[in-house]
Amino acid sequence: MLDLHFENDGLIPVVVQEEQTREVLLVAFMNEAALQRTLETGLAHFWSRSRGTLWMKGESSGQVQEVVGLYVNCEENSLLLRVKQHGMAACHEGYFSCYYRKLNEQGTWEVIAPRLFDPAEVYGETPVAPATVPGPLAPAFQRIYGAYEYLRDHDLEAVSGTSRRLRQPDLAWLSQRASEELAELAGVLAGTHKHANQIEDTLLEGRQVCYWLFLLAAALRLPYTAFSPDVTLSQGFDAGDRLDAAALEGFTQQSFHAAIASGLRLVGGACRQLHIPLLTLAERELAELREKSYLKDVVA
């Protein structure tokens, strides 16, 4: 592929560099499949030697890397990947770069950069409290998300705008659309944004927020259990999360992965404010998806 010289194990080392600052973020490895996936999606994919699997940078944390340029060295046996780093940090330890330690005069490694997130919070499993989740809620949202995964994995761009958005994803734009719909949902709750009545408008805007957040998750190729929307919506519903100016500002400053969780919690809180069952939200979306002939079997 591209006249590259892969090692005997089928791998080639890749230096990842932040486009604007030129700071080296990490060094990883690609095989031909990872390189092809990177070129197809515009997002950095690598081969994990420890796990023996293909992985997308940020698939668990949301700290994805948008490819700006790909370069090869003179001997064609290593690559330089220049990226736009989304989220707070590239290193799984919570630092912007994996090279956050420097050899000091005492001959020891000294941490020279701030830790930007707690790895336990980002990579830890979300506790599931089954008692707080209505029985039919999880299967309903699983069918909805499954429909978006289907549209991502099958070329239906000719008949589906959703398929086009997922097959040619712009993560920043998807997040921005979710932010805009959250602002409209906040307007519904405040009485400044009106279509029909407050309950119907909350269902409409709440579904729109979920739609864009689900597309963001699907574009990131998150498995359903990586963000568990049924649980997260229920947590926001139970806690009565408030959708206000501070919450909106906080949403726009988060990584993609964190934004998905906080956005869903805010929708859950909005539904609680107007006593709207979360299952009603899911049923409205499923009903609309079933009207599309190419999804009838997927969401049946």
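You'll find the structure just up there.
Bear in mind that the values here come from a model prediction, so they are computed numbers and not experimental data.

Reading the values: the criteria
- Residues numbered from 1 in each chain as written.
- Predicted model: local features only at pLDDT ≥ 70, side-chain atom pairs only at ≥ 80, totals over all residues.
- Heavy atoms only, no water.
- Helix = DSSP H or I, 4+ residues; strand = E, 2+ residues; numbered from the N terminus.
- Rg over C-alpha atoms; globule rule 2.2 N^0.38 Å.
- Buried < 20%, exposed > 50% of the residue type's maximum accessible area, 1.4 Å probe, protein only.
- Contact = heavy atoms within 4.5 Å.
- Areas by Shrake-Rupley, 256 points an atom, 1.4 Å probe, with all protein chains shown as cover.
- Lys, Arg positive; Asp, Glu negative; His and termini not counted.
- Charge placed at Lys NZ, Arg CZ, Asp CG, Glu CD.
- Core = buried A, V, L, I, M, F, W, Y, C linked by side-chain atoms within 4.5 Å.
- Patch = residues over 30% accessible without salt bridge, like charges linked within 9 Å, V, L, I, M, F, W, Y side chains within 5 Å.
- Salt bridge = Lys/Arg side-chain N within 4 Å of Asp/Glu carboxyl O.
- Pairing = 2+ DSSP bridges.
- Expected span 1.5 Å × (residues − 1).
- Phe/Tyr/Trp six-rings, centres within 6.5 Å; stacked < 30°, edge-to-face > 60°.

Enquirer: Help me understand the overall build of the chain, please; the structure alone is not making it clear to me.
Expert: When its secondary structure is counted, the chain shows eleven helices and eight strands. For the chain, whose C-alpha radius of gyration is 21 Å, the value lies close to the compact-globule estimate of 19 Å for 300 residues. In terms of principal-axis extent, the alpha carbons of the chain reach across some 65 × 50 × 35 Å. Evaluated residue by residue, the chain yields a buried proportion of 46% over its 300 residues. Partitioning the contacts of the chain with sequence separation of at least 6, the portion at a separation of at least 24 is 60%. Working note: accessible area of the chain is about 15000 Å², and carbon and sulfur atoms make up 50% of it. Positive and negative charge centroids in the chain, built from 26 and 39 side chains respectively, lie 4 Å apart.

Enquirer: Help me understand the nonpolar core in this model?
Expert: General note: in soluble globular proteins, nonpolar side chains tend to be found buried as a group. If you look at the biggest cluster of nonpolar residues, it comprises 58 residues, and the most contacted ones within it are Phe141, Tyr148, Phe214, Leu220 and Ile260. Looking at this core, the elements that each hand over two or more residues are helix H3 (137-153), helix H5 (171-190), helix H6 (198-219), helix H7 (224-227), helix H9 (245-252), helix H10 (256-273) and helix H11 (278-290). Each residue touching Phe141, except ones within four places of it in the same chain, is listed here: Phe214, Tyr224, Asp230, Leu233, Leu278, Leu281 and Ala282.

Enquirer: Please explain a nonpolar patch on the surface as it appears in this structure.
Expert: A surface patch of nonpolar side chains, amounting to about 310 Å² of accessible area, comprises Val15, Val24, Val27 and Tyr99. The topology assignment puts Val15 in strand S1 (residues 12-18).

Enquirer: What's the story with the pattern of salt bridges in this structure? I'm lost.
Expert: Think of it this way: side chains of opposite charge can pair up when their charged atoms draw near. Under the criterion given, the structure shown has 13 salt bridges. A salt bridge links Arg152 to Asp153, with the shortest nitrogen-to-oxygen separation between them at 2.8 Å. Residue classification places Arg152 among the buried positions, given a relative accessible area of 10%. Judged by relative accessible area, Asp153 falls into the partly exposed class, the value being 40%. For Glu181, the salt bridge identified is with Arg177, shortest N-O distance 3.4 Å. Of this pair, Glu181 and Arg177 both sit in helix H5, separated by four residues, roughly a single helical turn. Owing to a relative accessible area of 18%, Arg177 belongs among the buried residues under this scheme.

Enquirer: What should I look at first to understand the environment of Val188 in this one?
Expert: For Val188, the position within the fold is in helix H5. With 78 residues separating them along the chain, Val188 and Leu266 place their C-alpha atoms 13 Å apart. In contact with Val188, not counting residues within four places along its chain, are His193, Gln198, Asp201, Thr202 and Glu205.

Enquirer: What is the right way to look at the pairing of S1 in this model?
Expert: Within a regular beta strand, the side chains point alternately toward one face of the sheet and then the other, so they alternate between its two faces. Taking burial as the measure, the seven residues of S1 include five buried ones, the bulk of the element. Here S1 pairs with strand S2 (residues 24-30) via six bridges, running antiparallel. Residue pairing across strands places Ile12 opposite Met30, the latter belonging to S2. Following S1, the chain reverses through five residues before pairing antiparallel with S2; Arg22 in that reversal takes a positive phi of roughly 65°.

Enquirer: Can you walk me through H10 in this structure?
Expert: Along an α-helix, residues three or four positions apart point the same way, because every turn accommodates 3.6 residues. End to end, H10 covers 26 Å across 18 residues, agreeing with the expected 26 Å (1.5 Å per residue, within 8%). Most of H10 is tucked away, with 13 of its 18 residues classed as buried.

Enquirer: So what exactly am I meant to see when it comes to the packing of aromatic side chains here?
Expert: Two measures describe an aromatic ring pair: the distance that separates the ring centres and the angle between the ring planes. One pass over the full model with this rule turns up twelve aromatic pairs. Ring centres of Tyr95 and Tyr100 lie 3.7 Å apart, and the angle between their planes is 10°; on these two criteria the pair is classed as stacked. Looking at Tyr95, the relative accessible area reads 9%, which means it is buried. Summarising the aromatic geometry, the rings of Tyr148 and Phe214 are spaced 6.2 Å apart at their centres and angled 85° between planes, so their arrangement reads as edge-to-face. With a gap of 66 residues between them, Tyr148 in helix H3 and Phe214 in helix H6 connect regions that are remote in the sequence.

So, to be careful, I would describe these as geometric facts and stop short of saying anything about function.
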